[in-house]
Amino acid sequence: MTHATTIPHIATPGPHPTLHVEQLSRIYPSGDGQVQALAPLTHTFPPGLTAVVGPSGSGKSTLLNLLAGFDTPTTGSVRVGDTDLTALTETQRADFRLKHYGFVFQNHNLVSILTALENVEFPLTLAGVPVRERADRARALLARVGLEKRAGHLPSQLSGGEAQRVAIARALAGNPGLLLCDEPTGNLDSKTGEMVLAELQDAARQGRTVVLITHDRDIAALADHHLQVRDGVVGVVD
C-alpha cells in the first residue's frame, strides 16, 4: 500500500489540540439506585495511539461517548485545547466535532446510497468545502488507503475491510486532531484488521491523538499508550 499521495491541507495550520479530562465521571439512574458507569477520571491523552481495553460493560463506550460530547458527564470536563466541550450547546458541540474529530466505528457506518468517494466527501460537504477541493481531497485519501480504484463503488460493493478503510478516509477528511475509534477491527479478519490498524498508526504518527477501544489485546499491544477500564475505573497501563 502506498502513502506517497499528497493530500491537500484544509484545517487551520498549527499543532493539533490536546485532549484532557478533569474529574470526568458518569452516573446513570438504575431502578431505585444509581450505576457509576465511569469513576472520576483526570487524564491527558497524549498524541499517538492510545488503546482502551476492558471487558464488555466496563465503561469503555461511556468514556468514548463523553470524550466525543455525545453524552453529558455527571461531573468534570472534557477540554480540547482551550475549549471546554462540556460548556458548549449541543449545536456548538456538533460544529466543534466537525472541525476537530474523526470517528471510526465497528460497523463502518457508511451512507449506503453514496459511493466511496461521496462518503469521504460527506463531512467536507457539511463543512462547506468547495466542490473541487473536497473531491480532490477525497480522491487523495482513497488513494492513501489503497482504494482509488473503488471510488465509484457503493458500500454494498465493498468488502468489510475496504468499507472500513473508506471509513478511515472519511474520518481523516477534515484533518481532525482527534480520532476516536470504537472496535474498528472487531468485524474483520486478522490480516485486514492489521491493515486498518496500520492506517490508524499512520494517523497517530502525524501528531493526532487517536483513542482506540478494542477487545483484541494483540491489537492493543501495538498502541503507544494503554488504558485499562474495569467497573468504570480507568487506570494507566505501563
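From a predicted model like this one, the values you see are computed outputs, not experimental measurements.

K.L.:
I would appreciate a short explanation of the packing of helix α4 (residues 131-144) against helix α5 (residues 160-172) in the present structure.
P.N.:
Working note: a packed helix pair is described by the angle between its axes plus the distance between those axes. Where α4 meets α5, the closest approach of the two axes is 9 Å, and the angle between their N-to-C directions is 135°. Compared by their axis directions, α4 and α5 come out oblique. Handedness of the α4/α5 crossing: right-handed. Mapping the contact onto sequence places Arg 137, Leu 141 and Leu 142 in α4 and Val 166, Ala 169 and Leu 172 in α5.

K.L.:
What is the right way to look at the packing of aromatic side chains in this model?
P.N.:
In the structure shown here, the tally under the stated rule is 4 aromatic pairs. Geometrically, the ring pair formed by Phe 103 and Phe 105 is stacked, given 6.1 Å between the ring centres and 5° between the ring planes. One aromatic cluster is present, formed by Phe 70, Phe 96, Tyr 101, Phe 103 and Phe 105 through successive ring pairs.

K.L.:
Got a minute to help me understand the pairing of strand β3 (residues 48-53) in this structure?
P.N.:
Look at any regular strand and the pattern is simple: side chains alternate between the two faces of the sheet. Of all 6 residues in β3, 6 are buried, a share of seventy percent or more. Examined bridge by bridge, β3 and strand β8 (residues 209-213) share 5 bridges and lie parallel to one another. Residue pairing in the sheet places Val 52 in a bridge with Ile 213 of β8. Two strands pair when backbone bridges link them, and β3 and strand β9 (residues 225-230) are joined in this way by 4 bridges, in the parallel orientation. Bridging from a neighbouring strand, Val 53 pairs with Gln 228 of β9.

K.L.:
In this structure, what is going on with the sheet that holds β9? I would like to understand it.
P.N.:
Strand pairing in a sheet relies on backbone hydrogen bonds, with the paired strands running either antiparallel or parallel. Here 6 strands make up an open sheet; going across it, the order is β6-β7-β8-β3-β9-β10 and the pairing mixed. Of all the strands in the sheet, just β6 (101-105) and β10 (233-237) have a single pairing partner and so form its edges. The mean inter-strand angle of the sheet, taken between neighbouring strand axes irrespective of direction, is 20°. In this sheet, β8 lies alongside strand β7 (residues 178-182) in parallel orientation, the contact comprising 5 bridges. If you follow Leu 178 over to β8, its bridge partner there is Thr 209. Sitting on the sheet, helix α1 (residues 60-68) touches β3, β6, β7, β8 and β9, and the angle it makes with β7 is about 150°.

K.L.:
It is not clear to me how the pattern of salt bridges should be interpreted in this structure. Could you clarify?
P.N.:
A pair can form between side chains of opposite charge whenever their charged atoms are brought close. Inspection of every chain in the model, using the stated rule, returns 6 salt bridges. Arg 132 serves as the salt-bridge partner of Asp 136, at 3.4 Å between the closest nitrogen and oxygen. Linking Asp 136 with Arg 132, this pair stays in helix α4, spanning 4 residues, or about one helical turn. Residues Asp 202 and Arg 144 are paired through a salt bridge, measuring 2.8 Å at the closest nitrogen-oxygen approach. Here Arg 144 lies in helix α4 and Asp 202 lies in helix α6 (residues 190-205), a separation of 58 residues in the sequence. Summarising the burial analysis for this pair, Asp 202 and Arg 144 share the class buried. The network of salt bridges with common partners includes Arg 144, Asp 202 and Arg 205.

Cut-off values and rules
- Residues numbered from 1 in each chain as written.
- Predicted model: local features only at pLDDT ≥ 70, side-chain atom pairs only at ≥ 80, totals over all residues.
- Heavy atoms only, no water.
- Axes fitted to C-alpha atoms, helices over the stretch in contact; angles between N-to-C directions.
- Helix = DSSP H or I, 4+ residues; strand = E, 2+ residues; numbered from the N terminus.
- Parallel < 35°, antiparallel > 145°, perpendicular 65-115°, else oblique.
- Left-handed = near helix turned anticlockwise from the far one by under 90°.
- Contact = heavy atoms within 4.5 Å.
- Phe/Tyr/Trp six-rings, centres within 6.5 Å; stacked < 30°, edge-to-face > 60°.
- Buried < 20%, exposed > 50% of the residue type's maximum accessible area, 1.4 Å probe, protein only.
- Pairing = 2+ DSSP bridges.
- Salt bridge = Lys/Arg side-chain N within 4 Å of Asp/Glu carboxyl O.

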